[in-house]
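The lines below spell out each chain.
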Amino acid sequence: MTDPFTQEIIKSKLLAISDEMSVVLARTSMSPIIYEVLDFACGITDPDGQVIAQANGLTLFTGTFAAQVQSVTAKFGPDRVKPGDIFMTNGPYDGGTHTCDIALIQPIFLEGVVVAFSVSITHWTEVGGKSPGSVSPDATEIYQEGLQFPIIHIVKQGELMEEIVEIIRVNVRLPLMSIGDLNAGIAACRIAEKRLQEMCQRYGLSNIHNAFTAMLDHGEIMARSAIRSIPNGIYRANDIIDGDGIIDEDIPVCVKITVEDESMIVDFTGCAPQRPGPINCAHGALMSACKTVFKAITGPQAPTNEGWFRPYEVIIPDGTVFSATRPAPTGWYYESTSHVTELIWMALAPVLPAHLSAGSYLSLCATYLGGVDDESGEVWVQPEPNNGGWGAAQGMDGANGLIATVDGDTYNYPVELVESKVPLLVEQYSLNTGDDGGHGQWRGGIGCIREYRMLNSNTFLHASMGRNRVRPWGLNGGTEGTNNYVEVERPDGSVEVVARVANVQLPKDTKVRIVTGRGGGYGNPEDRPAEQVDQDVLNGYITSDAASANYGIILKDE
């Protein structure tokens, strides 16, 4: 039996190793979406693939670790996993998300036995496919979404598989960037191997195993304790996904949540079938989204491990928009998983007012701008998630300009970086104070406007803006928020408003204005103190007309 002091030291060292993996990955990456936006995740699992420690990172990656490691062990078995091996997978149907998210998984050996796995997942800007950036809103099958790595060796007993690297090099539009990101992921896995072996040698393998078991058991105890604070009952929610990129029609989704003593069952039976467009997600991404909300409810500040999810069960039939099967496209999977988190959030918000807010702008509102540079002749791609307004909560206004739930601990692109790397000029980056919505005793957070002028003679636009028709929901009398959309203003002055589009051609001097919405309000607007309404008007968050119409307060714009 390991004493509790040693267990705590081992736990802290494991978390430190995960953090060091992140530092190595970010500092050696070639892609701004990795070293600036932090679109990656790192962590450690036990020999069975159960997550033991992970760094802060993109939420939807960290929940896939277990399924991806277990896919490796299921395919190769103990006899074909050797010291120095690193495996590569990006298969949505092997526990992953979409083809751009590359998981590298390294077994870590001590005395000939696998003691753990290190995992790094990074979003590559390019993996080939029908469109630059490899994510197109009009893809109809996964084969259009770039290279698939079906759980293969990328490093075999310490030797890099040069043939695989060459396949990557000739199949992607940005080979220097993609191979640089591959090397960064390998470096992150290897630093974890070194640190874990040092730790095992210092504390002994039995103490490490005991610490793993204690951490998982403690996570389970904490989760069950948190569930006990939720009233037993059955909670339901229904929502609409605004089109799939191919067919512009409402896609109904639903959830039934059963809370009973120390367990929670989340049932998505009844959701729409998988779609022809890339809005689908597969089972691994679904589970990750479900874990995100469950962790937010049961212990958002505590380190995550797989023990937290032992009392948590997810039910869903195959073949839905949340459980798609091959060869359905999944390029924009984060749009459907956003709705997964929102459904659970919406169902439980009425009974957890201290934990959950009103509806947010929801969508990652991802845009891709790219083309061939007029001066250098090189391909460029600017993938970008966009921040928006979060819903208000009991006792507090919603957050302004915050990244969506599914993207977790990531950042937006600095304006200076964009303008130095690609032929775009940022003409506006501001709060979206023009839309009217999200009123309440506590006001919904405000979205953003990011406006680009095209400096290239020919640029393309892909966009997938969810919540473009259905508005973020209010809570306890608060009003709905506002929608997300993109305005394309061409040099002749004509303006087109779009949401989910692919391959929109943009001549030089076209402006692309990305607009994200406000979150829903909380509580009756008439209960908002007059001085707060006055301050909102002075700050430009609402107009005096909105103050009069929604709060019954007559003010002048200042």
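Residues numbered from 1 in each chain as written. Predicted model: local features only at pLDDT ≥ 70, side-chain atom pairs only at ≥ 80, totals over all residues. Heavy atoms only, no water.

Draft legend 1. Fine view of the sheet that holds strand β10 (residues 263-267). With mixed pairing, the four strands of this open sheet are ordered in space as β8-β9-β10-β11. Each edge of the sheet is formed by a strand with only one pairing partner; in this case those strands are β8 (233-242) and β11 (312-315). Across the sheet, the mean angle separating the axes of adjacent strands is 15° when strand polarity is ignored. In this structure, strand β9 (residues 250-260) lies alongside β10, joined through five bridges in antiparallel fashion. Note on β10: the bridge partner recorded for Glu260 is Ser263. (Pairing = 2+ DSSP bridges. Helix = DSSP H or I, 4+ residues; strand = E, 2+ residues; numbered from the N terminus. Axes fitted to C-alpha atoms, helices over the stretch in contact; angles between N-to-C directions.)

Draft legend 2. A look at the packing of aromatic side chains. This model, assessed by the stated rule, comprises ten aromatic pairs. Taking 4.7 Å as the distance between ring centres and 45° as the angle between the ring planes, the aromatic pair formed by Phe76 and Phe87 counts as tilted. In this pair, Phe76 sits in helix α4 (residues 65-76) while Phe87 sits in strand β3 (residues 86-89), placing the two residues eleven residues apart along the sequence. Judged by its relative accessible area of 1%, Phe87 is buried. Taking the centre distance of 6.2 Å and the plane angle of 80° together, the rings of Trp345 and Trp390 count as edge-to-face. Pair noted here: Trp345 is in helix α9 (residues 333-348) and Trp390 is in the loop between β13 (379-384) and α10 (415-421), with a separation of 45 residues, a long-range link. Both residues of the pair, Trp345 and Trp390, belong to the buried class. In this structure, Arg450 is placed above the aromatic ring of Tyr429, and the distance from its NZ or CZ to the ring centre is 4.3 Å. (Phe/Tyr/Trp six-rings, centres within 6.5 Å; stacked < 30°, edge-to-face > 60°. Buried < 20%, exposed > 50% of the residue type's maximum accessible area, 1.4 Å probe, protein only. Lys NZ or Arg CZ within 6 Å of the ring centre and 35° of its normal.)

Draft legend 3. Spotlight on the pattern of salt bridges. For the coordinates displayed, the defined rule picks out 30 salt bridges. Shared partners join several salt bridges into a network, and the residues in it are Glu427, Glu451, Arg453, Glu487, Glu489, Asp509, Lys511 and Arg513. (Salt bridge = Lys/Arg side-chain N within 4 Å of Asp/Glu carboxyl O.)

Draft legend 4. Quick look at the environment of Trp332. Tracing the sequence through the fold places Trp332 in the loop between β11 and α9. A sequence separation of 215 residues divides Trp332 from Phe117, and the C-alpha atoms of the two residues are 28 Å apart. Once you skip the residues sitting within four places of it in the chain, Trp332 turns out to touch Val135, Ser136, Pro137, Pro278, Ile279, Ala366, Tyr368, His462, Ala463 and Ser464. Of note is the side chain of Trp332, whose polar atom sits 3.3 Å from the backbone oxygen of Ser136. (Contact = heavy atoms within 4.5 Å. Polar contact = N/O pair within 3.5 Å; in protein donor to acceptor, adjacent residues only side chain to side chain.)

Draft legend 5. Looking closely at the sheet that holds strand β2 (residues 51-54). Pairing within the open sheet is antiparallel, and its seven strands lie in the order β2-β1-β5-β4-β3-β6-β7. Sheet topology places β2 and β7 (159-160) at the edges, where each strand pairs with a single neighbour. Where β3 meets strand β4 (residues 101-110), three bridges bridge the pair, whose relative direction is antiparallel. Looking at β4, one finds that Phe87 is bridged to Ile105. Docked against the sheet, helix α1 (residues 4-28) engages β1 (40-45), β2 and β5 (113-123), running at close to 145° with respect to β1. In the packing of helix α5 (residues 162-171) onto the sheet, contacts are made with β3, β6 (152-156) and β7, and the angle to β6 comes to roughly 120°.

The analysis is restricted to geometry; functional conclusions fall outside its scope.
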